[in-house]
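Breakdown of the fold
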Amino acid sequence: MAHAVKELFPDTKFAIGPAIADGFYYDFDCGHAITQEDLPRIEEKMKEIIKANKPFIRKDMPKEEALNFFQESGEIYKVELINEITEETVSIYEEGNFADLCRGPHLESTGKVKAFKLLNVAGAYWRGSEKNKMLQRIYGVSFPAKDELKKHLEFLEEVKKRDHRRLGKELDLFSMNDDIGAGLVLWHPRGAVIRRAIENFWLDEHCKAGYQILYTPHMAKLDLWKKTGHVDFYKENMYSPIEIEGLEYEIKPMNCPFHVSIFKSHLRSYRELPLRFAELGTVYRYERSGVLHGLLRVRGFTQDDAHIFCMEDQIEEEVLKVLEFTLFVLKTFGFSDYDIYLSTRPDKYVGTDAAWEKATGALEHALKKKELRYEVDPGEGVFYGPKIDIKVRDSLGRQWQCSTIQVDFNIPERLDITYRGTDSKDHRLIMIHRALMGSLERFFGVLIEHYAGAFPLWLSPVQISVLTISERHVEYCKRIIGSLLAAGIRADMDEENEKIGYKIRKAAVLKTPYMCIIGDKEMESNAVNIRKRNGENVGEMSLDNLTTFLKDEISNRR
Ligand code: ZN
């Protein structure tokens, strides 16, 4: 691809072009603004290069020689990269009249490329920093066989159809705009209904599981964030402080210190442990504009956060409970496929080796007790403790990081959190941070894509639409709506003076799970005829039976 771009736009300078999880990209500095329309042209050129079947030749060059080589051809980005390489020699791959800095390996020759497609064009800062020049990036994908490429392109089509930004607009769920600011989410009424259903479920289940619910402010004095270590370790993701009456305040990037403060508001006995504090806590983190992405990466979001304060020998039991709770919650949202990772001690850490060993062992025991398959990520723990991450797989098999369970030795030490033991002395305790859905915004984005906007009944903004065939059915429909609403069912009515076919399509576009059509026949028989959003007919039932039927499906969250 780089060779083809160079042929078409000779002034192009090349930056970085790696293979990534789902294809490849290359960043260029090119005088011509490459657009989607240029891609077929580049593809044509690539086909010519492939057809020529030129061998890829590897040359190992002393660094100095490589520097001269790229300097002469004006490849300033390559020069910068080579200067950072610590090895004595670097490798260059050559094919026809094109050469590039590359670690390799490569195919034998260009003719070995069997199936490829350039997907899209994007802007990307050199080295990902907004202080540097904006380069142009082309994404592509390649497969050893044409049918594999075809399958992948179909998958991408399905991904596009499910894009939560597109569905968010079509289904009127949420929006984000420049007047409000990047990465800040507006939940529209239909989206807010779903959030409320999620929050109600969250609240009920947390109360059942022995959590106490908290509310805490959105900012706190900067000094607090110094004490917790956030100013030292998390500064990158925090906003500049604001001044109030001569004191600096910081909008919160995390909820932890507030929960600690409530824990410390009075003396805690060992009898109170484990103590579980939960909050739907809204936090604000500085994400660079380049990485913002719909609901998946935002600047303000609400975590389903909780902190468990416990003694060291209670970790295993608590983690076991959290694991069961997490899997139950994920299953309720239709995720039964997930990957679990256990991250162990990194190179830089706080806490004693013995404590790390004990905590990591406790996490591992809990996973084994639940007979869960997991992978160990050696050294990938946070500096303050080991953790378990759970990534769900959605209906397209894509992986999403949602749940995390983290043991923390650091905050109890820094903020001096203790409990009064049986010996009437104060002891250090362990804190567990955990989030099941992660952030409500992100989880909502994942749900939209997972369900392709066709939410299960209990989450649907409108659960049943009542459609009138003509004016004379309106009164009767209003009675039906009234009794459905009174039973707590989210029903709406389409009494517009439109053809019934149009009304059905309208409800189908909004992916309303059920609709019923009311005409003369239904009025006479005092019954309703229900159909599903996929067109399937459920059949005729009395109004009482309809209510029972819907309530059963809603309360079982099927
Ligand atoms: Zn926390």
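Around the zinc ion, the donor atoms from the protein are Cys256 (SG), His307 (NE2) and His433 (ND1), and they sit 2.0 to 2.3 Å away. In primary-sequence terms, the residues that donate to the zinc ion follow C-x50-H-x125-H. Of this pair, Cys256 sits in helix H10 (residues 256-263) while His433 sits in strand E23 (residues 430-439), and the two are 177 residues apart along the sequence. The buried category is assigned to His433, whose relative accessible area is 8%.

Moving on: the pairing of strand E24 (residues 464-468). Of all five residues in E24, five are buried; the element is thus mostly enclosed. A two-sided burial pattern is seen for E24, the buried positions comprising Ile464, Val466 and Thr468 on one face and Ser465 and Leu467 on the other. When E24 meets strand E25 (residues 491-494), the two strands line up parallel, connected through four bridges. Residue pairing across strands places Ser465 opposite Asp492, the latter belonging to E25. A crossover connection joins E24 to the parallel E25 through helix H15 (residues 474-486); in handedness this β-α-β unit is right-handed.

What follows is about the sheet that holds E24. In spatial order, the strands read E25-E24-E26-E27-E28; together these five strands make up an open sheet with mixed pairing. Unpaired on one side and paired on the other, E25 and strand E28 (537-542) mark the two borders of the sheet. Taken over all neighbouring pairs, the strand axes of this sheet differ in orientation by 25° on average, direction set aside. Contacts from H15 reach E24, E25, strand E26 (514-518) and strand E27 (527-532) within the one sheet, and its direction differs from that of E25 by about 165°.

Let us look at the sheet that holds strand E5 (residues 89-95). One open sheet accounts for three strands, arranged E4-E5-E6; its pairing is antiparallel. Strands with a single pairing partner mark the edges of an open sheet, and in this sheet they are strand E4 (57-62) and strand E6 (98-101). In this sheet, neighbouring strand axes are inclined to one another by 30° on average, regardless of whether the strands run parallel or antiparallel. In the sheet, E5 pairs with E6 via four bridges, with the strands oriented antiparallel. Pairing of Glu95 across the sheet is with Phe98, part of E6.

We now examine unusual backbone geometry. Following Gly104, the chain continues to Pro105 via a peptide bond in cis, the omega torsion being -5°. Take Pro105: it is sitting in the loop between E6 and strand E7 (115-125). Geometrically, the link from Leu273 to Pro274 is a cis peptide bond, its omega value of -5° lying close to zero. With respect to the helices and strands, Pro274 occurs in the loop between H10 and strand E15 (275-284). Not every positive phi belongs to a glycine, and Arg127 is a case in point at roughly 60°. Counting through the fold element by element, Arg127 comes out in the loop between E7 and strand E8 (134-143). For Arg127, a relative accessible area of 38% gives the class partly exposed. A positive phi angle, near 55°, is found at Asn526, a position not held by glycine.

What counts and what doesn't
Residues numbered from 1 in each chain as written. Predicted model: local features only at pLDDT ≥ 70, side-chain atom pairs only at ≥ 80, totals over all residues. Heavy atoms only, no water. Donors = N, O, S within 2.8 Å, 3.2 Å for Na, K, Ca; no water. Helix = DSSP H or I, 4+ residues; strand = E, 2+ residues; numbered from the N terminus. Buried < 20%, exposed > 50% of the residue type's maximum accessible area, 1.4 Å probe, protein only. Pairing = 2+ DSSP bridges. Right-handed = clockwise from strand over helix to strand, strands pointing away. Axes fitted to C-alpha atoms, helices over the stretch in contact; angles between N-to-C directions. Contact = heavy atoms within 4.5 Å.

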